[in-house]
Amino acid sequence: GAVVSQHPSWVICKSGTSVKIECRSLDFQATTMFWYRQFPKQSLMLMATSNEGSKATYEQGVEKDKFLINHASLTLSTLTVTSAHPEDSSFYICSARVEEQYFGPGTRLTVT
Amino acid sequence: GENVEQHPSTLSVQEGDSAVIKCTYSDSASNYFPWYKQELGKGPQLIIDIRSNVGEKKDQRIAVTLNKTAKHFSLHITETQPEDSAVYFCAASTGSSNTGKLIFGQGTTLQVKP
């Protein structure tokens, strides 16, 4: 199957700083990638749809100015959490879809 | 919009027994139904999927059935093994194959006792 990678796998940052998470499709091109957020023992919540060469589409209730998404190429999408606060601590997962949707391994963000 | 309900939330079976997880969806336009397995601290892994033009699909010990009329689909795992222990998510999607977004169920924690 298709492989999606994320970097970093975990990150700790101080409150008020920004953090960038990268999502790469390693063996295929993806015009569309998705960003999810998952709290402990909960389901995946779709945050936004990342479209190569255009603006991301955010789900209702997700602050676009706080969660900046850039899809600069067919294999790379980035999520930047700006001015992070402890409540932003979560597991962030990206995915890319060819016929099926494949997920990255996730990034554990802890804001202190 | 689409809503996916998944049951049960937890399921404990003895090794070798079968496990069944059920999901219902609300949007009759949904046409793609994948199942994912998620181990602790990892991203979801696609284990099987089914499209709306098919009623059943099987891959070794795993099978999925779809009832479009009733708008529900189920995951069946036979001859369960301890390594099957994980959280399983169902999902539903509409739209085109590479842009349609997935709506996930709440997840089922499966425990297989050796």
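Everything below is about the structure shown above.
What this report covers is the structure whose coordinates are included nearby. (Residues numbered from 1 in each chain as written. Chains lettered and ligands numbered in written order. Predicted model: local features only at pLDDT ≥ 70, side-chain atom pairs only at ≥ 80, totals over all residues. Heavy atoms only, no water.)

A word on the side chain of Arg97 of chain A. Along the chain, the position of Arg97 of chain A falls in strand β9 (residues 90-97). Classification of Arg97 of chain A by relative accessible area gives buried; the value is 3%. At 3.1 Å, the side chain of Arg97 of chain A and the side chain of Ser93 of chain B are in polar contact. (Helix = DSSP H or I, 4+ residues; strand = E, 2+ residues; numbered from the N terminus. Buried < 20%, exposed > 50% of the residue type's maximum accessible area, 1.4 Å probe, protein only. Polar contact = N/O pair within 3.5 Å; in protein donor to acceptor, adjacent residues only side chain to side chain.)

On to the sheet that holds strand β1 (residues 4-7) of chain A. Residue and element names in this part refer to chain A. Spatial strand order, β1-β3-β8-β7: four strands in an open sheet with antiparallel pairing. Looking at which strands have only one partner, the edges of the open sheet turn out to be β1 and β7 (67-73). Pairwise comparison of adjacent strand axes, ignoring direction, gives a mean angle of 20 degrees for this sheet. Where β1 lies against strand β3 (residues 19-25), four bridges are found, and the strand directions are antiparallel. In the strand pairing of β3, Gln6 is matched with Cys23. (Pairing = 2+ DSSP bridges. Axes fitted to C-alpha atoms, helices over the stretch in contact; angles between N-to-C directions.)

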